[in-house]
Structure formats: C-alpha cells, structure tokens
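# Reading the structure
As a plain string of letters, each chain reads:
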Amino acid sequence: MTIEEQLKEVIRDIVDFPQPGIVFKDITPILKDPELCTAVVEAFAERLQGQDIDVIAGIESRGFLFGLMLANRLSLPFVPIRKQGKLPFKTIAESYKLEYGQATIEVHEDAFAPGARVLLHDDLLATGGTVVAASKLVEKLGGIVAGYSFVISLDFLNSRGRLTRFSENIVSLVGY
Ligand code: AMP
C-alpha cells in the first residue's frame, strides 16, 4: 500500500466539527501507530531529499507533531509558530482572517537568522490562510520560504495558488 492509501485508511472524518458544515480530518489514529508515524516522516524525508532547507517551522498545534519529528529526522532545527500570547521571548506577529473573526500567530524574533531557508509544516492545508500568515512571518524575519509540507491537503478548496508566490514547493502526502 502507498503511504496515501495507508493514511486514508485511518484518517477519520468528523462531520460538523468544530462547527456545522466542516468535515474535520482527525489525524489522532495516525499518532497511535508508531510504524505509520515513522512511515509518514520517511515519506516527507524522501520527498524533501536534497532540498536546500535550513529550518523547519511547525504551526500550532498539530504542525508540531510531525514537524518536530521531521526536523529531527533531517537533523534540522525546529521552530514553533504559535498562537498569540504563548511564546515567552520577544515575538513578531501576523494577523489573518478566519471564516469568523481573525487570528494572530507569532514567532520568536530570534527563531532563525536572516537569509535562512524555512520549510513551513502543518498537518493540513485548507484555505491556506494560516500558512500564508506564517509565510509573511518568515519574510518579516528576513527568511525565505523554502517550501511547505502537509500531511493532508484539501485540494477541492484550490488554495495551492495562494502559496506559490512564496514557494511552489508544496509537499502533501494525502489529497482530498
Ligand atoms: P487554513 O488556514 O484554512 O488552511 O486552515 C488550516 C489550519 O486549520 C490547520 O492548522 C488545520 O489544522 C486546521 N483545519 C482547517 N480545516 C480543517 C479540517 N477540515 N480538518 C482538520 N483541521 C483543519
């Protein structure tokens, strides 16, 4: 079975969570299977092989799960991008629109050196709003978006086009 087939067997659809009309892709069954977790990390590593990446930045909170594992596998530093008010040191922030209201994410201002090539990682690409904001944070710190990695992309939302102005290097293991 391919990694996509293996993942599709266990990813759970939770209808109307966290609000009516949303089909939430629950990745917690992946986390219960250590061999599958390793396979996920190896699949990312294979697809990113030979790429010029200095840092992996994971987006709170599910982007921390495989983001840190992948950074460790590739012997790269890991940087957390968090929701407002969570990071203890000096931060820079970026706000973006959600379906209802707005959200703000932050990164430590010393997270990486100017010129660093940063791979942004999250569990899932939906509208792209979160990773676009994260990409702006990377650029505000003088970094370069080296690419994106997602376990899942909701391709029916056609949001990849929003990312290509930062990087066309988009890796996703499962598409819906
Ligand atoms: P977006 O900014 O619209 O691309 O949303 C991406 C963020 O929201 C990611 O951090 C996801 O974890 C979460 N998310 C959005 N839609 C879903 C969904 N259908 N299932 C699970 N997580 C989602």
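Sequence order as written defines residue numbering, which begins from 1 separately in each chain. Only residues with pLDDT of at least 70 are given local features in this predicted model, and only at 80 or more are side-chain atom pairs given and counted; all residues enter the totals for whole chains, interfaces and linings. With hydrogens and water excluded, all non-hydrogen atoms of the structure serve as input to the side-chain values.

## A few points about the site of the ligand
We count it as follows: Throughout, near means a residue has at least one heavy atom within 4 Å of the molecule or strand. Two N or O atoms count as a polar contact when they lie within 3.5 Å, although within protein this holds only if one can serve as hydrogen donor and the other as acceptor, and sequence-adjacent residues are included solely when both atoms are side-chain atoms. Residue type decides the class: Asp, Glu, Lys and Arg count as charged, Ala, Val, Leu, Ile, Met, Phe, Trp, Tyr, Cys and Pro as nonpolar, and the leftover types, Gly among them, as polar.
In the vicinity of the ligand lie 13 residues, with R62, D123, T127, G128 and T130 positioned nearest. Contact distances for the ligand include 3.0 Å between an oxygen atom and a backbone N or O atom of A126. Within the backbone of G129, one N or O atom sits 3.4 Å away from an oxygen atom of the ligand. Taken together, the residues that form the shell around the ligand break down as five nonpolar, four polar and four charged.

## With respect to the environment of I3
Short version of the rule: Helix and strand definitions here come from DSSP, where helices need a minimum of 4 consecutive H or I residues and strands a minimum of 2 consecutive E residues; each element is numbered from the N-terminal end. Burial status follows relative accessibility: with a 1.4 Å probe on protein chains alone, a residue under 20% of its type maximum counts as buried, one over 50% as exposed, and anything between as partly exposed. Contact between two residues is taken to exist if any of their heavy atoms lie within 4.5 Å; hydrogens are not considered.
Summarising the element assignment, I3 is placed in helix 1 (residues 3-10). Judged by its relative accessible area of 12%, I3 falls in the buried class. A C-alpha to C-alpha distance of 8.5 Å links I3 and L36, two positions 33 residues apart in sequence. Discounting chain neighbours no more than four positions away, the residues touching I3 are L36, A39, V40, A43 and R47.

## What about the pattern of salt bridges?
Put simply, the test is: Salt bridges are counted wherever a side-chain nitrogen of Lys or Arg sits within 4 Å of a carboxyl oxygen of Asp or Glu.
On inspection of all chains with the given rule, the structure shows nine salt bridges. For R12, the salt bridge goes to D26, with nearest N and O atoms at 2.6 Å. One end of the pair, R12, is in strand 1 (residues 12-15); the other, D26, is in strand 2 (residues 23-26), and 14 residues separate them in sequence. The salt bridge involving D123 is made with R62; its shortest N-O contact spans 2.8 Å. Of this pair, D123 sits in strand 7 (residues 117-125) while R62 sits in the loop between strand 3 (55-59) and helix 4 (63-73), placing them 61 residues apart in sequence.

## What about the side chain of H121?
Counting through the fold element by element, H121 comes out in strand 7. Judged by its relative accessible area of 0%, H121 falls in the buried class. Beyond its immediate chain neighbours, meaning those up to four positions away, H121 contacts F44, I56, A57, G58, I59, G63, F66, G67, S149, F150 and V151.

## Some points on unusual backbone geometry
Omega for the peptide link from F17 to P18 comes to 0°, which places this bond in the cis form. Inspection of the secondary structure puts P18 in the loop between strand 1 and strand 2. Following E60, the chain continues into S61 via a peptide bond in cis, with omega recorded as -10°. Relative to the assigned elements, S61 resides in the loop between strand 3 and helix 4. Even without being a glycine, D16 presents a positive backbone phi close to 65°. Within the secondary structure layout, D16 lies in the loop between strand 1 and strand 2. Residue classification places D16 among the partly exposed positions, given a relative accessible area of 44%. Not every positive phi belongs to a glycine, and S75 is a case in point at roughly 55°. Following the sequence through the fold, S75 ends up in the loop between helix 4 and strand 4 (78-83).

## Some points on the sheet that holds strand 5 (residues 91-97)
The test is simple: For two strands to pair, DSSP has to find at least two bridges joining them. Interaxial angles span 0 to 180 degrees and are taken between N-to-C directions of axes, which are lines fitted to C-alpha atoms, for helices over the stretch in contact.
In space, the seven strands of this open sheet follow the order 5-6-4-3-7-8-9, with mixed pairing throughout. Every interior strand has two partners, whereas the edge strands, strand 5 and strand 9 (170-175), have only one. Taking each pair of neighbouring strands and ignoring which way they run, the sheet shows an average axis angle of 20°. Pairing of strand 3 with strand 7, which is carried by four bridges, proceeds in the parallel orientation. Note that in strand 7 the partner of A57 across the bridge is L120. Those strands touched by helix 3 (residues 34-48) are strand 7, strand 8 (144-153) and strand 9, and its axis lies near 140° from that of strand 9.

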